[in-house]
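Each chain is listed here by its residues.
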Amino acid sequence: MIMKKYISIIILLLIVSGASAQDFSNQVAAAKTAYAGGKLADAHFSLEQALQEIDMIVGKEILTLLPASMNGKATVTNDDQVTANVGFIGATIHRSYGTDGSQVEIISNSPMIASLNTFLNMPVLGGMMRNSTTKVVKIQGFKSRLEKQGDNENGKPGYQLQIPFKSTLITITANAMDEKSVMDFANQIPLDKIAAML
Amino acid sequence: MLKKLKEKANKTVNEMVDKKIGNESSSGNAGEQNNTINSGNVSNHPTNRGGGGLKNTAPPDVNAAMDDAAKSFSAKDYSDARYSLQQAMVGIEIQLGRELLKNLPGSVDNLQKDSLEDKVMSNQWGWSNLTIQRIYSDGKDKQLTITIGNNLLYTGLINAYFGNVYSVQSNGENEQNAKQIKVQGNKALITYDDAKGYTVIVPLGQTSTVAWECINFKDEDEVMKAVNNFKIDDIKKLLGEK
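We now turn to the structure provided with this report. These figures come from a predicted structure and were not determined experimentally.

The rules we used
- Residues numbered from 1 in each chain as written.
- Chains lettered and ligands numbered in written order.
- Predicted model: local features only at pLDDT ≥ 70, side-chain atom pairs only at ≥ 80, totals over all residues.
- Heavy atoms only, no water.
- Helix = DSSP H or I, 4+ residues; strand = E, 2+ residues; numbered from the N terminus.
- Buried < 20%, exposed > 50% of the residue type's maximum accessible area, 1.4 Å probe, protein only.
- Contact = heavy atoms within 4.5 Å.
- Areas by Shrake-Rupley, 256 points an atom, 1.4 Å probe, with all protein chains shown as cover.
- Salt bridge = Lys/Arg side-chain N within 4 Å of Asp/Glu carboxyl O.
- Polar contact = N/O pair within 3.5 Å; in protein donor to acceptor, adjacent residues only side chain to side chain.
- Patch = residues over 30% accessible without salt bridge, like charges linked within 9 Å, V, L, I, M, F, W, Y side chains within 5 Å.
- Lys, Arg positive; Asp, Glu negative; His and termini not counted.
- Charge placed at Lys NZ, Arg CZ, Asp CG, Glu CD.
- Expected span 1.5 Å × (residues − 1).
- Arc of directions from axis to C-beta.
- Axes fitted to C-alpha atoms, helices over the stretch in contact; angles between N-to-C directions.
- Parallel < 35°, antiparallel > 145°, perpendicular 65-115°, else oblique.
- Left-handed = near helix turned anticlockwise from the far one by under 90°.
- Nonpolar A, V, L, I, M, F, W, Y, C, P; charged D, E, K, R; others polar.

This part takes up the overall build of chain A. Of the regular secondary structure elements, chain A holds 5 helices and 9 strands. When the helices and strands of chain A are listed from N to C terminus, the series reads α-α-β-β-β-β-β-α-β-β-β-β-α-α. Considering chain A as a whole, with its 198 residues, one finds that 44% of them fall into the buried category. Long-range pairs, those at least 24 residues apart, make up 48% of the contacts in chain A between residues at least 6 apart in sequence. With the model as given, the accessible surface of chain A reaches about 9900 Å², and the carbon-plus-sulfur share is 57%.

Contacts between the two partners involve 28 residues from chain A, matched on the other side by 28 residues from chain B. Taken together, the connections running from chain A to chain B amount to 2 salt bridges. We note a salt bridge from Lys32 of chain A to Asp67 of chain B, for which the minimum N-O separation is 2.4 Å. At the junction of chain A with chain B, the criterion picks out 5 residue pairs in polar contact (both at pLDDT 80 or more).

Under the counting rule described, the total for this entry stands at 11 salt bridges over all chains. The closest approach of N and O atoms between Asp55 of chain A and Arg82 of chain B, which form a salt bridge, is 2.7 Å. Of this pair, Asp55 of chain A sits in helix α2 (residues 40-65) while Arg82 of chain B sits in helix α3 (residues 78-103), each in a different chain. With a relative accessible area of 5%, Asp55 of chain A lands in the buried category. Note on Arg82 of chain B: relative accessible area 6%, which makes it buried. Its salt-bridge partner being Lys225 of chain B, residue Asp109 of chain B comes within 3.6 Å of it at the nearest N-O pair. With Asp109 of chain B in the loop between β1 (107-108) and β2 (111-113) and Lys225 of chain B in helix α5 (residues 220-227), this pair connects stretches of sequence that are 116 residues apart. Judged by its relative accessible area of 35%, Asp109 of chain B falls in the partly exposed class. Taking relative accessible area as the criterion, Lys225 of chain B reaches 55% and is therefore assigned exposed.

The subject of this paragraph is a negative patch on the surface. Where like charges cluster on the molecular surface, the negative patch consists of Asp61, Asp68, Asp77 and Asp80 of chain B. Positionally, Asp61 of chain B belongs in the loop between α1 (2-43) and α2 (62-74).

All names here are of chain B. With 13 residues, α2 should cover 18 Å at 1.5 Å per step; its first-to-last C-alpha distance of 18 Å lies within 8% of that length. Within the span of α2, buried status applies to Val62, Ala65, Met66, Ala69, Ser72 and Phe73. Angularly, the buried residues of α2 cover 130° about the axis, an arc narrow enough to put them on a single face. Opposite the buried face of α2, at more than 90 degrees from it, the exposed residues are Lys71 and Ser74. Sitting at the head of α2, Asp61 places a side-chain oxygen 3.2 Å from the backbone nitrogen of Asn63.

With that settled, consider the packing of α2 of chain A against α3 of chain B. Two numbers describe how α2 of chain A lies on α3 of chain B: the axes approach to 10 Å, and their chain directions differ by 160°. With respect to α3 of chain B, the axis of α2 of chain A lies roughly antiparallel. The hand of the α2 of chain A/α3 of chain B crossing is left-handed. Within the contact of α2 of chain A with α3 of chain B, the residues separate by chemical class into 16 nonpolar, 3 polar and 5 charged.

As structure tokens, this is what we get:
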């Protein structure tokens, strides 16, 4: 029964990614035709669409690379989301774990994030600094910012871990967990693989 | 008698003060010189005295970039595919900018275009921030700058302004420094500032904006006459705006 479920999911993923690949090729072909005909604005529009297709495909692939659970909290598959935007916002990839708001949010290819990363790396501006609730940690060699966000109703703290690289920011929100579990979870994410895809 | 005494006293005081200032400034200069020499020895930072600059390269080859994107995509190298698509987009934007500049008038009233100041700026982040600029000048102090931009945020803000009925403003006196007008049938905004002169902004379609900055123009009529030398419909058509 479980096997059947997995096979259906895999088939569905293949169909979805196949459709996107087709869309990409169609958009590039449309861009070429428009460009050859001197319709520059149309060619540009088609390329924007092709770019969004790539963002969607990459986002879906990144979702498959994220750990299936966070400290015992299972993935909420229905909440998996990839949004491709053109311009300043970039693409966003979202995954929820459990029911307490624990999640991973990735914003990629955004110039806004590139500026934010500069900010995060400036201790003077309150970026990579240490105080009673914030400290700088290294996750697989990436300098990151870990912030303790107070206790929840179970008396366990929540954490937010921000891992900036290139024009990408990974934000892990982990509720009702200890620091070690947050770090263990972050270390399960194949950051090098994700960085190579973006 | 008193007057004479006062004049004499002033003269003496002035001479003394001048002498003192002279001594201080000369010793101050000496000190500065020493400091300069010392800092020069200590820091020894070479300063650039010129270079050839960068070579003017052609914009990215759009067809080649699109082919590269397709190849990288087939090989599932999405990062490279993305990069090539962005290069193709930059190439198109620069061509589009040049096309726009070609279609702008060579002179506006008595102002001649300064082609050395022609600018087409594009970046890898897609449509946003494509900026095309041309300056017209009489060689003295009168100048018109036209900037055609594709900036979603900026255009959105101006459109919000037009959507707000309360933004028909007056400062309560007899003069206004901003008002809504129509330029060739398009809603527009004209502002005046003593320091900056006149500015006319016309949002085009969904994401583009064209702005004229007019320095040392006599009045609003002269500004409008100059602005109407530009065919907004042609600009819209090239930018693919409705």
